[in-house]
2 protein chains.
Amino acid sequence: MTATTTAIDAVAALAELAPIGADGTRGGWSRHLLDEADRDMRAWFERTASSLGLAVETDANANQWATWAPDGATGPAVATGSHLDSVPGGGPLDGPLGVVSAFAAVARLQADGHAPARPIRVANFAEEEGARFGVPCLGSQLLAGELGSDRVRALTDATGVTCAAVLEAGGIDPAGIGRDAARLADMALYLELHVEQGRQLAPLDAPVGIATSILAHGRWRVTVTGRGDHAGATELASRHDPMMVAAATVRAARGRALAAAPPTRSRATVGKLQVIPGGSNAIASEVRLWIDARAEHDADVRDLVARIVADAEAAARAEGCSVTVAEESFSARVEFDPALADRVGDALAPGFGAVPRIPTGAGHDAGVLAAHLPTAMLFVRNPDGVSHSPHEGASEADIRAGVDALTAALRALTSGDAR
Amino acid sequence: MTATTTAIDAVAALAELAPIGADGTRGGWSRHLLDEADRDMRAWFERTASSLGLAVETDANANQWATWAPDGATGPAVATGSHLDSVPGGGPLDGPLGVVSAFAAVARLQADGHAPARPIRVANFAEEEGARFGVPCLGSQLLAGELGSDRVRALTDATGVTCAAVLEAGGIDPAGIGRDAARLADMALYLELHVEQGRQLAPLDAPVGIATSILAHGRWRVTVTGRGDHAGATELASRHDPMMVAAATVRAARGRALAAAPPTRSRATVGKLQVIPGGSNAIASEVRLWIDARAEHDADVRDLVARIVADAEAAARAEGCSVTVAEESFSARVEFDPALADRVGDALAPGFGAVPRIPTGAGHDAGVLAAHLPTAMLFVRNPDGVSHSPHEGASEADIRAGVDALTAALRALTSGDAR
């Protein structure tokens, strides 16, 4: 082993990514599966991996991988990374921070002359946010065999383009997507670093935390059908306005989540809503809205959604409208591997002392993989907890502390003793 | 005068227009100021006018005119017509029916050897629905000097393109828009035929009605600003979700209109609502919605809107959001010219008996022009009253009856006796 001369500063790398997919309409960044911004992010992934001498490949499910396997690194890899796509108008860190930090950590280990006993593999998982096709963690779920390939190929984006067509245009054979047992078996564990989404580390003297669990969560698409008509010429008594039902559903989501136990761990949100036809002087004919619901346990989520839907149906009956509900995704509660969390905590102890263990309400590829191999997550402190927003942030010092932590963890997890 | 050989069947002409601007996403038709569909409609207007030997011109405000001025037709014209643009996903008749019927009536008069004492002028008013730039009756309001030209030039569509740029690309000099006194003075009266928007003629044995008045009405854009955040990681208690305020505003619009007196003549509708960023797993940072409010008198509308806005502001305070309101348009109550309505009624009596006189809640170019010259409207029966929807319709028999009525009215209004 000789140390490379490439060093990667995570703060500088994030600044390099800032122009890609900047959203002039919404603010923040919009990078969705294999669109121009996502392709630019992927090109950056390839360039950066190559600059570190890593072998780069794109798997059958559109996930990117960069592997450092110097002499002496054998067996299944220690995998790390995150995703490079975003929500519409998202922040700069979710998930590029995890990918940037992974490359920075590898560069640091190379510079330090670390000789890993296992390959270290950096991942960029495809369509983690599900912003284009409605299904979050699309790449990791496909890899893990948790989605039907036919269903995924038939998914359509907002413009009606199928996922199959988007994959094909991006150089991925749509016929080849699905469970990738060999790739799963070639990972010893997965450790994902991510900006915290929430406010648990902010009041603590702790730049990083270790994840314990993810709330059960899912997405439901609610379609309310009424009767389109003229806003000026139609008496109130003869309307069947789906917007009234949508408004009741938005309120029901908040009310039913507040009434759930424990309310601090139950959440329901309508963040996406489309009005058809959407003219200011036209009563809508249809409104589509999405309920994002989360709670401590799987049954809690289903109960919460059932109550919201019952309220929506009651409102539809009162207005003479109809409601249909489709589950777009469901992610069971995740408990991260306690033994792996302990190993990561031990690795961090010299530099960080006792690292807080915290739960999260946000889904992650690490949560998907947790059912298939040991997984862990590191969270980097977020001063006001905001995420899925252009205002998401972390201090430069905390970003660099995150790289320090990930470097220490990867070093320990790939030491000879760790075999 | 020699009769031409061109006959125009209104039902067939509407069928010819059906492919133009068909909206595969929303259903119905989307034809907005100088977009491809609108340009195709305008080309049809030119071809049809030319086939009847009419002189075609586009005025400084993007309105089209086709004039039949045979020998003996002198002085200001009797104008008729409507508009060829639509709401997003609108129906087939609002307002092509008025333009098609006007051409069909002129063709009939020509075939009958009618010698008009005044020119007959067919109008296609620009952007009547205001779907692209938010201001309804844009062309007629500009012509009548009721909009500031600077304000109109600066209007932007949903993609940020200015009205000035759209006009220029369409061959209209944006510097030249505004009051057109000469054109106003060259119209003796304006008679617009339109499909009924409402259910007043449906229960009667009457294929056509004559308008008496238009409700006062306007559009207000409400912008609710909150704090974008992660839908899964943000506790309910720390949210500032503008969607909650939007839902309260939708309900307030209905509730305040129902509580207004008389409730049957007060209406408030939210038919257009945009969520930013609009991700299903992101709490919105901003929601924009439009209130369409109408009532018997101008003060009733302003009072209704003030109550809705007060409710929105109260909801915003409760959620920790803020609200701004902008008036996009206001149209005072219109009383159509009673003397002209009587003349139209007299002209229709031989064929239609006593024609019902009915008010409407829908705005029209005829309402704008009513402040400047005598105007009247003919409504064609709409079996279920639906409009601003693909399901808008009228029977073929009623469409042809509308042409009969318009022909009779134009014949009477341009007879030598009418001078």
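Keep in mind that what you see is a predicted model, and the values were worked out from it rather than measured. (Residues numbered from 1 in each chain as written. Chains lettered and ligands numbered in written order. Predicted model: local features only at pLDDT ≥ 70, side-chain atom pairs only at ≥ 80, totals over all residues. Heavy atoms only, no water.)

With respect to the interface of chain A and chain B
At the interface, 62 residues of chain A touch 62 residues of chain B. Both sides of the chain A and chain B interface together cover about 5,400 Å² of buried area, and 56% of this is carbon and sulfur. Counting the surface chain A buries against chain B, the share from its top three residues, L236(A), R254(A) and S280(A), is 14%. Where chain A touches chain B, the interface holds four salt bridges. We note a salt bridge from R254(A) to E319(B), for which the minimum N-O separation is 2.7 Å. (Contact = heavy atoms within 4.5 Å. Buried area = accessible area lost by both parts, 1.4 Å probe. Salt bridge = Lys/Arg side-chain N within 4 Å of Asp/Glu carboxyl O.)

Some words on helix α8 (residues 242–259) of chain B
Residues and elements named next belong to chain B. Compared with an ideal rise of 1.5 Å per residue, which puts 18 residues at 26 Å, α8 spans 25 Å between its outermost C-alpha atoms and is within 8% of the ideal. The element α8 is extensively covered by neighbouring structure, given that 13 of its 18 residues are classed as buried. One side-chain oxygen of the residue at the start of α8 lies 2.9 Å from the amide nitrogen of M243, identifying that residue as D241. (Helix = DSSP H or I, 4+ residues; strand = E, 2+ residues; numbered from the N terminus. Expected span 1.5 Å × (residues − 1). Buried < 20%, exposed > 50% of the residue type's maximum accessible area, 1.4 Å probe, protein only. Polar contact = N/O pair within 3.5 Å; in protein donor to acceptor, adjacent residues only side chain to side chain.)

Re the relation of the copies chain A and chain B
After a rotation of 180 degrees and a shift along the axis of 0.0 Å, chain A superposes on chain B with an RMSD of 0.0 Å. Here the copies are linked by what is in effect a two-fold axis. Using C-alpha coordinates, one finds that chain A approaches the rotation axis most closely at A247(A), a distance of 2.2 Å. Most of the interface of chain A is mirrored in chain B: 100% of its interface residues are interface residues there too. (Least-squares fit on C-alpha atoms with pLDDT ≥ 70 in both.)

Considerations on the sheet that holds strand β11 (residues 286–295) of chain A
All names here are of chain A. Strand order across the open sheet formed by four strands is β9-β11-β7-β12, with antiparallel pairing between neighbours. Each edge of the sheet is formed by a strand with only one pairing partner; in this case those strands are β9 (267–276) and β12 (322–331). In this sheet, neighbouring strand axes are inclined to one another by 15 degrees on average, regardless of whether the strands run parallel or antiparallel. Helix α9 (residues 298–319) rests against β7 (216–225), β9, β11 and β12 of the sheet, and its axis sits at about 165 degrees to β12. (Pairing = 2+ DSSP bridges. Axes fitted to C-alpha atoms, helices over the stretch in contact; angles between N-to-C directions.)

Thoughts on the pattern of salt bridges
Summed over the entire model, instances satisfying the criterion amount to 50 salt bridges over all chains. R357(B) is the salt-bridge partner of D342(B), the closest N and O atoms lying 3.0 Å from each other. Of this pair, D342(B) sits in helix α10 (residues 338–352) while R357(B) is found in strand β14 (residues 357–360), placing the two residues 15 residues apart along the sequence. For R357(B), a relative accessible area of 39% puts it in the partly exposed group. Within this structure, E57(A), D59(A), D180(A) and R183(A) form a network of salt bridges that share partners.

Let's talk about the domain arrangement of chain A
Bring the parts together and some accessible area is lost; that lost area is often taken as the interface size. Residue and element names in this part refer to chain A. When the domains of chain A are assigned, the result is domain 1 (10–215 + 333–418) and domain 2 (216–331). Between domain 1 and domain 2, the C-alpha centre-to-centre distance is 32 Å. The partner domain 2 presents 13 residues to the 14 residues of domain 1 that form the contact. Both sides of the domain 1 and domain 2 interface together cover about 1,100 Å² of buried area, and 40% of this is carbon and sulfur. Along the contact surface separating domain 1 from domain 2 lie one salt bridge. The salt bridge partner of R333 is E296, with a shortest N-O separation of 2.5 Å. In this assembly, domain 1 and domain 2 are joined by eight residue pairs in polar contact (both at pLDDT 80 or more). The residue inventory of the side of domain 1 that touches domain 2, partitioned by class, reads six nonpolar, five polar and three charged. (Domains from an automatic or database assignment. Nonpolar A, V, L, I, M, F, W, Y, C, P; charged D, E, K, R; others polar.)

Observations regarding the pairing of strand β4 (residues 120–125) of chain A
Residue and element names in this part refer to chain A. When you tally the buried positions in β4, you get six out of six residues, the bulk of the element. Burial along β4 is two-sided: I120, V122 and N124 and R121, A123 and F125, pointing in opposite directions, are all buried. As judged from the five bridges shared by strand β2 (residues 64–68) and β4, these two strands associate in the antiparallel manner. Its bridge partner lying in β4, A66 is registered against V122. Taken together, strand β3 (residues 77–83), helix α3 (residues 96–111) and β4 constitute a β-α-β crossover, and its handedness is right-handed. (Right-handed = clockwise from strand over helix to strand, strands pointing away.)

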